[in-house]
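# Coordinate inspection notes
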Amino acid sequence: MSVCSGMKLVVSCMDRRLNSYLKKKYPDAIVIRNAGANVNSLLITFEKYKDRVDEVILLPHTDCGAMKVVYSSLKEGKKITSLVEEKLVSQFSSKKFSSLSELERLNMEIQKENLKRIFGDKVRTELIDINKIEIPPSNEPYMAYVSKPSQLAELSSNIYHISAEDKEIWDSLDIAVYAMKINKIITPDEKTVEKIKAAYPSVIVSTTSF
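Residues numbered from 1 in each chain as written. Predicted model: local features only at pLDDT ≥ 70, side-chain atom pairs only at ≥ 80, totals over all residues. Heavy atoms only, no water.

### Some points on the overall build of the protein chain
Counting secondary structure elements, the protein chain contains 7 helices and 9 strands. Relative to its length of 210 residues, the protein chain is compact, with a C-alpha radius of gyration of 16 Å against a globular reference of 17 Å. Dimensions along the principal axes, computed over C-alpha positions, put the protein chain at roughly 45 × 45 × 30 Å. The burial tally for the protein chain puts 51% of its 210 residues in the buried class. Sequence separation of at least 24 residues holds for 62% of the intrachain contacts in the protein chain that already meet a minimum separation of 6. Here the protein chain displays about 10,000 Å² of accessible surface, and carbon together with sulfur accounts for 48% of that area. Side chains of the protein chain carry 31 positive and 28 negative charges; the gap between the two charge centres is 2 Å. (Helix = DSSP H or I, 4+ residues; strand = E, 2+ residues; numbered from the N terminus. Rg over C-alpha atoms; globule rule 2.2 N^0.38 Å. Buried < 20%, exposed > 50% of the residue type's maximum accessible area, 1.4 Å probe, protein only. Contact = heavy atoms within 4.5 Å. Areas by Shrake-Rupley, 256 points an atom, 1.4 Å probe, with all protein chains shown as cover. Lys, Arg positive; Asp, Glu negative; His and termini not counted. Charge placed at Lys NZ, Arg CZ, Asp CG, Glu CD.)

The following block contains the structure:
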């Protein structure tokens, strides 16, 4: 879809618990989501919007699964894939933090500075307290929905949403599959379905849209 003057760009985490909050608060924004709101993994995606939006809103959150991956890697020696190490974990290897909450605030500052290098003073930030937002109940198994950036669809609270250009979805998918043990992925793009099937042969992958 085309992006017009006055458009907001929201950068947030793929966490399922944010779906309703983002839809209600930013219904008209273009939404980009990945593991940890990690700007380092979204440079191709941001290139598309660099000169076409008036405001960029960074929305990481507390109790973040991606930050738990970073914490366990750096503090406990647990490793994930080399792609996640390169794109996400490496940003924190020289930083000092002693708790997950400190790491989450550090992540917000790192990603804010990364965004400002691309978008300048258009950037504002908020760390969402996951305990203070409404999360609709869901008894359905967790799954991941992979799409291009767009206005946010109506997604239930069992769906992790990865929203980025095709080349920049893979570290988030590694976290979804290997850290969060998600075994079902859906996407509206048939070509992406085949790529995901090849990368994660044990995962159920199907084509659908919301």
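### Looking at the side chain of Arg16
Counting through the fold element by element, Arg16 comes out in the loop between strand 1 (8-13) and helix 1 (19-25). Looking at Arg16, its side chain comes within polar contact range of the main-chain oxygen of Ser157, at 2.9 Å. If near-sequence neighbours (up to four positions away) are discounted, Arg16 is found in contact with Tyr142, Ser157, Asn158, Ile159 and Tyr160. (Polar contact = N/O pair within 3.5 Å; in protein donor to acceptor, adjacent residues only side chain to side chain.)

### Observations regarding helix 7 (residues 190-199)
For an α-helix, the turn length of 3.6 residues means that residues three or four places apart are oriented alike. Along helix 7, the positions that sit buried rather than exposed are Thr192, Val193 and Ile196. Buried residues along helix 7 cover an arc of 105° about the axis, so they all sit on one side. With respect to the buried face of helix 7, the exposed residues turned more than 90 degrees away are Glu190, Lys191 and Ala198. On its buried face, helix 7 sits against strand 5 (143-147), helix 6 (170-179), strand 8 (184-187) and strand 9 (204-207). Capping the start of helix 7, Asp189 holds a side-chain oxygen 2.9 Å from the backbone nitrogen of Lys191, two or three residues further along. (Arc of directions from axis to C-beta.)

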